[in-house]
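# Breakdown of the fold
The lines below spell out each chain.
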Amino acid sequence: MKVAFVEPFVKAARDVFQLMMDLDAQRGDLRASEQLVPSKDASVAIGVTGDLLGSILYSFPRQMTLEMVEIMAGMPVDELDSFVISALGEVANIISGNAMAYLNSANYMCNINPPQIVLGQETALEMVTRKALIVPLRTRIGEFDIFITLKEQA
Amino acid sequence: MMWKEKYRIGVDVVDNQHQELFHRVSDFLISVQRKGDWGQKIAKVKETLAFMQEYVIVHFRDEENYQLQINFPEYEEHKDVHARFRDMINQYAVRFEKEGFTQELVQEFGGKLMTWLIMHVADMDQRIGAYVREQGGKG
């Protein structure tokens, strides 16, 4: 899979974190993994179809998830309940939607499926490529990972 | 409190309605997320749902009329986004009827309402203000 597919997701995530939470997200070093297994407590998987096929997995630490929702809601949040999970899923959905717009302008016409929430670090998700690329993003409230496994449709 | 001053676009009628929307959603979330008997919160949930269904129609209409008035180039795209949001609210209203006002479903609705409102006002609506400023107008 092409490293170029990573950039639209990084750009979209940085924009969305700034717009929605006033958080600066710094990109860490790219790494590869042979498995698509959540690295942190609360994750959102989003399927991609169209010219590119595969999935994106956003993986967040529990405390960071709570703080993200606290910033948006402007009130204390202390458990990963349906409200928090729904908000997290939507943030990942918005990032992915914006990333699709960047990919579309690079002539990859793709769509995304509704977000699926994965809690815990047990579940392995299906990969369409031999390796997934993982890009960590650091903010002042924690670090999260974006896993990307995308291949061009023949 | 969800509202932030940076959400202002510099057009009073739109900003006042946005503030009202943020206050109502914020109020709703506080009530839904407060510890306590769920049964007692359902009245508030129903009230917010009814308010959203009515008020977004008024607000979207006013905002779309304003966009037409200033020849906003993204009018059609913006109108579609508003329509999809109205559909989302109505779909939840149908689900509440069918599945009941369960805590889980209401919380899910709250998460969507909050993120949509923030992203829409912090991003898409800002382009209205930017356009007005570009044209040299004051709104």
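Figured I'd write up the structure that's included with this text.

Conventions and cut-offs
- Residues numbered from 1 in each chain as written.
- Chains lettered and ligands numbered in written order.
- Predicted model: local features only at pLDDT ≥ 70, side-chain atom pairs only at ≥ 80, totals over all residues.
- Heavy atoms only, no water.
- Helix = DSSP H or I, 4+ residues; strand = E, 2+ residues; numbered from the N terminus.
- Rg over C-alpha atoms; globule rule 2.2 N^0.38 Å.
- Buried < 20%, exposed > 50% of the residue type's maximum accessible area, 1.4 Å probe, protein only.
- Contact = heavy atoms within 4.5 Å.
- Lys, Arg positive; Asp, Glu negative; His and termini not counted.
- Charge placed at Lys NZ, Arg CZ, Asp CG, Glu CD.
- Areas by Shrake-Rupley, 256 points an atom, 1.4 Å probe, with all protein chains shown as cover.
- Phe/Tyr/Trp six-rings, centres within 6.5 Å; stacked < 30°, edge-to-face > 60°.
- Salt bridge = Lys/Arg side-chain N within 4 Å of Asp/Glu carboxyl O.
- Polar contact = N/O pair within 3.5 Å; in protein donor to acceptor, adjacent residues only side chain to side chain.
- Pairing = 2+ DSSP bridges.
- Core = buried A, V, L, I, M, F, W, Y, C linked by side-chain atoms within 4.5 Å.
- Axes fitted to C-alpha atoms, helices over the stretch in contact; angles between N-to-C directions.
- Parallel < 35°, antiparallel > 145°, perpendicular 65-115°, else oblique.
- Nonpolar A, V, L, I, M, F, W, Y, C, P; charged D, E, K, R; others polar.

## Let's talk about the overall build of chain A
A tally of regular secondary structure across chain A gives 3 helices and 8 strands. Secondary structure of chain A in N-to-C order comes out as α-β-β-β-β-α-α-β-β-β-β. Since a compact globule built from 154 residues should have a radius of gyration of about 15 Å, the 14 Å found for chain A is in line with a globular shape. The buried share of chain A, taken over its 154 residues, is 52%. In chain A, once contacts between residues fewer than 6 apart in sequence are set aside, the share between residues at least 24 apart is 71%. Distance between charge centres in chain A, computed from 12 positive and 19 negative side chains, equals 9 Å.

## Things to note about the overall build of chain B
The secondary structure content of chain B amounts to 5 helices and 0 strands. Along its sequence from the N terminus, chain B presents helices and strands in the succession α-α-α-α-α. For chain B, the spread of C-alpha atoms along the principal axes amounts to about 55 × 25 × 20 Å. In chain B, once contacts between residues fewer than 6 apart in sequence are set aside, the share between residues at least 24 apart is 69%. Summed over its atoms, the accessible surface of chain B is roughly 7000 Å², and 48% of this surface lies on carbon and sulfur atoms. Put simply, chain B has 19 plus and 23 minus side-chain charges, and the middle of one group is 4 Å from the middle of the other.

## Brief notes about the packing of aromatic side chains
All names here are of chain B. Applying the stated rule across the entire model yields 16 aromatic pairs over all chains. Where Phe-51 meets Tyr-55, the ring centres are 4.9 Å apart and the plane angle is 15°; that geometry is what we call stacked. On the criterion of helical spacing, the pair formed by Phe-51 and Tyr-55 is a turn pair, its members being 4 residues apart in helix α2 (residues 42-69). Pair check on accessibility: Phe-51 and Tyr-55 agree, each one buried. Geometrically, the ring pair formed by Phe-85 and Trp-116 is stacked, given 3.7 Å between the ring centres and 20° between the ring planes. Highlighted residues: Phe-85 in helix α3 (residues 75-99) and Trp-116 in helix α4 (residues 103-124), separated in sequence by 31 residues. Accessibility classification places Phe-85 together with Trp-116 in one group, the buried group. A connected cluster of aromatic rings, assembled from ring pairs, spans Phe-28, Tyr-92, Phe-96, Phe-101 and Phe-109.

## Here we look at the interface of chain B and chain A
In this assembly, 22 residues from chain B lie in contact with 22 residues from chain A. At the boundary of chain B and chain A, one finds 4 salt bridges. Here A:Glu90 makes a salt bridge to B:Lys112, at a shortest N to O gap of 3.9 Å. Run the count over chain B and chain A and you get 8 residue pairs in polar contact (both at pLDDT 80 or more).

## Regarding the side chain of A:Ser59
Residue and element names in this part refer to chain A. Along the polypeptide, Ser-59 turns up in strand β4 (residues 52-60). Here Ser-39 takes part through its backbone nitrogen, which lies 3.2 Å from a polar atom of the side chain of Ser-59. Reaching out from Ser-59, the side chain makes a polar contact with the backbone nitrogen of Lys-40 at a distance of 3.0 Å. Apart from the residues within four sequence positions on either side, Ser-59 is in contact with Pro-38, Ser-39, Lys-40, Ala-42, Ser-43, Phe-144, Asp-145 and Phe-147.

## Some points on the environment of A:Glu126
Residues and elements named next belong to chain A. Turning to its location among the elements, Glu-126 is positioned in the loop between β6 (116-119) and β7 (132-139). Residues Glu-126 and Gln-35, 91 residues apart in the sequence, show an inter-C-alpha distance of 8.3 Å. Contact partners of Glu-126, with chain neighbours within four places excluded, come to Leu-36 and Ser-55.

## Let's talk about the pairing of strand β3 (residues 42-50) of chain A
Residues and elements named next belong to chain A. Counting buried positions over the 9 residues of β3 gives 7, a clear majority of the element. Of the strand pairs in this sheet, β3 and β4 are connected by 7 bridges, and their pairing is antiparallel. Directly across from Ser-43, in β4, lies its bridge partner Ser-59. In textbook terms, the turn of a hairpin is the stretch between consecutive antiparallel strands, and for β3 and β4 this stretch comprises 1 residue.

## As for the nonpolar core
One finds A:Phe17 and B:Met114 to be the most contacted residues of the largest nonpolar core, which totals 86 residues. In terms of residue count, α4(B) provides more of this core than any other element does, 12 residues in total. With near-sequence residues (within four places) excluded, B:Met114 lies in contact with A:Val69, A:Met72, A:Ala73, A:Phe83, A:Ala87, B:Met2, B:Val25 and B:Leu29.

## Looking at the packing of α2(B) against α3(B)
Packed helix pairs are specified by the crossing angle of their axes together with the interaxial distance, meaning the distance between the axes. All names here are of chain B. Where α2 contacts α3, the two axes come as close as 11 Å, and the packing angle between them is 175°. Between α2 and α3, the angle falls in the class roughly antiparallel. Packed against α2, whose contacting residues are Leu-49, Met-52, Gln-53, Val-56, Ile-57, Phe-60, Glu-63, Glu-64, Gln-67 and Leu-68, the element α3 presents Tyr-75, His-78, Lys-79, His-82, Phe-85, Arg-86, Ile-89, Asn-90, Ala-93 and Phe-96 at the interface. For the contact of α2 with α3, a count of residues per class yields 11 nonpolar, 5 polar and 4 charged.

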